[in-house]
There are 2 protein chains.
Amino acid sequence: MTPLDSVTTSELIAQKLRHDILSGKLKPLQPLRQDEIAAQMGVSKIPTREALVQLKTEGLVVLHQNRGAVVAEFSPADVTEIYDMRAALETLALERAIPNMSKADFVRAEGLIEIMDDERDALKWSELNWEFHAMLYRPAHMPRLLEHIRMLHSNVARYVVHYLTSVDYHAEAQRQHRLILQLCRDGNIAQATPQLAAHLTQAGKKIARFLKDEG
Amino acid sequence: MTPLDSVTTSELIAQKLRHDILSGKLKPLQPLRQDEIAAQMGVSKIPTREALVQLKTEGLVVLHQNRGAVVAEFSPADVTEIYDMRAALETLALERAIPNMSKADFVRAEGLIEIMDDERDALKWSELNWEFHAMLYRPAHMPRLLEHIRMLHSNVARYVVHYLTSVDYHAEAQRQHRLILQLCRDGNIAQATPQLAAHLTQAGKKIARFLKDEG
DNA sequence: ATTCGTATAAACGTATACGATTATACACAA
DNA sequence: TTGTGTATAATCGTATACGTTTATACGAAT
């Protein structure tokens, strides 16, 4: 809007909607009306529409022809599918990253784990969790791969937050994080990747079951 | 435009642009001007913009703030990265699909291979090649996974077509296709998935090297 | 000659406006 | 009461219009 915003209005709206969806403020199947969002943000519908197109391809909203957009809902089967994809892609990323990891990477990863020990807010913990994983994968120097993983992660982040607020999974997750990090330090690709895969598919199953149980 | 088109104008434009990019009619780094495209299609800029946003997230175009869109260019490193991702995701899909394959699936897959034997047009061959691979993965019943694979495939399709018009890779690819299909018939997941991975990474390396050599 | 600044044109991003589609409410008939 | 048709409102999708940003051409200064 103002001449100084170096980022486009569409992207600002997409960021806000993304945040509201991931934090749970906007719930699955909730309709997202263009006029309403535009008015609330003080802009017109057009950047709003472009933001919705963006979020559609990210998998966070679903668009129906002439019937508007709703927040995407994921079935338990969808969640396990996404975690299976994550396991496939993240093991690839880790495998390629380990040979390139530096001492500084290990220090920062360890620092993140320690911060996570004390973080009680589920949403913030989830963000730190992503940052930890991303740190493990960045040394692979595969930007497209990282972006795909980020999108998959953000697809299930809502459910992770929801799960974490009900069940205390932190301790077990942290134990696995420390184990994986140690295997990275050792340069032990052969054990690190299956450990990561197990970490992810286990989490996926837990969350899918949780979703199923609560109906 | 007319009241009868059941698909949105944005999607029509996206389809046309996608086709023109994949077929090589629009070349890497070529600018895509909104006004020009809109005038050429006889519509306004707005659906054109939405189509470009869509194609951006598919990785086929790159958008620069206030400087418009260009057809995405992939470096050799990008191509190998995408093939590595494909190998990871497609082996997952195949592994989950094999237990669900039916006799009809095998018949149709074999039919596709035979059609491909006689197809000389590189673009059409590439489309048939995708159809063959998709057929192997559909029984997995993982729609999100299939969609991700489709996007990755379309990202490199241009370069595959380019490669195929210069180098005769058909015979070797067909041999590998027949081998993989036979392993699927046998229900031999343990051999089918590494064979598929080899098929893909080999193709990726060949195409990346080809790109590098021709500058 | 090269560099810098300015004017002009081209292209982008968004607000407004309007026709088309879908949902909702209500009357009427079975 | 229940179902069906129609009128009305709400919402979507796109064209037009306009201000802003970026690129290009040209002239002045070093």
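Residues numbered from 1 in each chain as written. Chains lettered and ligands numbered in written order. Predicted model: local features only at pLDDT ≥ 70, side-chain atom pairs only at ≥ 80, totals over all residues. Heavy atoms only, no water.

**A short note on the overall build of chain A**
1) Next: Per the secondary structure count, chain A includes nine helices and three strands.
2) Next: Since a compact globule built from 215 residues should have a radius of gyration of about 17 Å, the 19 Å found for chain A is in line with a globular shape.
3) Next: Within chain A, the fraction of its 215 residues that count as buried is 50%.
4) Next: For chain A, the share of sequence-separated contacts (at least 6 apart) that also reach a separation of at least 24 residues comes to 74%. (Helix = DSSP H or I, 4+ residues; strand = E, 2+ residues; numbered from the N terminus. Rg over C-alpha atoms; globule rule 2.2 N^0.38 Å. Buried < 20%, exposed > 50% of the residue type's maximum accessible area, 1.4 Å probe, protein only. Contact = heavy atoms within 4.5 Å.)

**Looking at the protein's contact with DNA strand D**
1) Next: Taken together, 20 residues sit near DNA strand D, with Lys45 and Arg49 of chain A together with Thr9, Ser44 and Arg67 of chain B positioned nearest.
2) Next: Of all atoms in DNA strand D that approach within 4 Å of the protein, 75% are sugar or phosphate atoms.
3) Next: Contacts to DNA strand D include Thr8 of chain B, whose side-chain N or O atom sits 3.2 Å from a phosphate oxygen.
4) Next: No other element matches helix H3 (residues 45-58) of chain A, which puts three residues into the surface near DNA strand D.
5) Next: Tallied by class, residues from the surface near DNA strand D come to seven nonpolar, eight polar and five charged. (Near = heavy atom within 4 Å. Polar contact = N/O pair within 3.5 Å; in protein donor to acceptor, adjacent residues only side chain to side chain. Nonpolar A, V, L, I, M, F, W, Y, C, P; charged D, E, K, R; others polar.)

**Some thoughts on the protein's contact with DNA strand C**
1) Next: Within the structure, DNA strand C sits among 20 residues, and Thr9, Ser44 and Arg67 of chain A together with Lys45 and Arg49 of chain B are positioned closest to it.
2) Next: In DNA strand C, the atoms that sit within 4 Å of the protein are 77% sugar and phosphate, with bases accounting for the remainder.
3) Next: Between DNA strand C and the protein, one listed contact pairs a phosphate oxygen with a side-chain N or O atom of Ser44 of chain A at 2.6 Å.
4) Next: Note that a base oxygen of DNA strand C is positioned 2.8 Å from one of the side-chain N or O atoms of Lys45 of chain B.
5) Next: For the surface near DNA strand C, the secondary structure elements donating two or more residues are helix H1 (9-22) and H3 of chain A together with helix H2 (34-41) and helix H3 (45-58) of chain B.
6) Next: When residues of the surface near DNA strand C are assigned to their parent elements, the largest contribution, three residues, is made by H3 of chain B.
7) Next: Along the lines of polarity and charge, the residues of the surface near DNA strand C split into seven nonpolar, eight polar and five charged.

**Re the relation of the copies chain A and chain B**
1) Next: Expressed as a screw operation, the relation of chain A to chain B combines 0.0 Å of axial shift with a rotation of 180°, fitting to an RMSD of 0.0 Å. The transformation just described matches what one would write down for a two-fold rotation axis.
2) Next: Of all interface residues in chain A, 96% are interface residues in chain B too; the two copies therefore contact each other through one and the same surface. (Least-squares fit on C-alpha atoms with pLDDT ≥ 70 in both.)

**A short note on the interface of chain A and chain B**
1) Next: Facing the 28 residues of chain A at the interface are 27 residues of chain B.
2) Next: A buried area of about 2,600 Å², summed over both sides, lies between chain A and chain B, and 55% of it is on carbon and sulfur atoms.
3) Next: At the surface where chain A touches chain B, the tally comes to six salt bridges.
4) Next: Our count for the chain A to chain B interface comes out at 14 residue pairs in polar contact (both at pLDDT 80 or more).
5) Next: In terms of residue count, helix H4 (residues 76-97) of chain A provides more of the side of chain A that touches chain B than any other element does, nine residues in total. (Buried area = accessible area lost by both parts, 1.4 Å probe. Salt bridge = Lys/Arg side-chain N within 4 Å of Asp/Glu carboxyl O.)

**A short note on the domain arrangement of chain A**
Residues and elements named next belong to chain A.
1) Next: Assigned domains within chain A: domain 1 (9-71) and domain 2 (76-213).
2) Next: On a C-alpha basis, the centres of domain 1 and domain 2 stand 27 Å from each other.
3) Next: Taken residue by residue, the interface counts 10 residues in domain 1 and eight residues in domain 2.
4) Next: Buried area between domain 1 and domain 2, both sides added, is near 770 Å², and the carbon and sulfur share of it is 56%. (Domains from an automatic or database assignment.)

**Regarding the sheet that holds strand E1 (residues 31-32) of chain B**
All names here are of chain B.
1) Next: One open sheet accounts for three strands, arranged E1-E3-E2; its pairing is antiparallel. The open sheet has two edge strands, E1 and strand E2 (61-64), and neither has a second partner.
2) Next: In terms of strand pairing, E2 meets strand E3 (residues 68-71) through four bridges, oriented antiparallel. When the sheet's bridge partners are listed, Val61 is paired in E3 with Val71.
3) Next: Here H3 sits on the sheet in contact with E1, E2 and E3, set at roughly 115° to E2. (Pairing = 2+ DSSP bridges. Axes fitted to C-alpha atoms, helices over the stretch in contact; angles between N-to-C directions.)

**Quick word on the sheet that holds strand E1 (residues 31-32) of chain A**
Residues and elements named next belong to chain A.
1) Next: Reading across the sheet, the three strands line up as E1-E3-E2 and stay open at both edges, with antiparallel pairing between neighbours. Since the sheet does not close on itself, it has two edges, and those belong to E1 and strand E2 (61-64), each with one partner.
2) Next: Packing of H3 onto the sheet brings it into contact with E1, E2 and strand E3 (68-71), and relative to E2 it is tilted by some 115°.

**Notes on the nonpolar core**
1) Next: Grouped together as the largest cluster of nonpolar side chains are 108 residues, with contacts concentrated most on Leu94 and Leu136 of chain A together with Leu94 and Leu136 of chain B.
2) Next: Residue contacts for Leu136 of chain B: discarding those within four places in its chain leaves Leu94, Ala97, Met101, Ile180, Leu181 and Cys184 of chain B. (Core = buried A, V, L, I, M, F, W, Y, C linked by side-chain atoms within 4.5 Å.)

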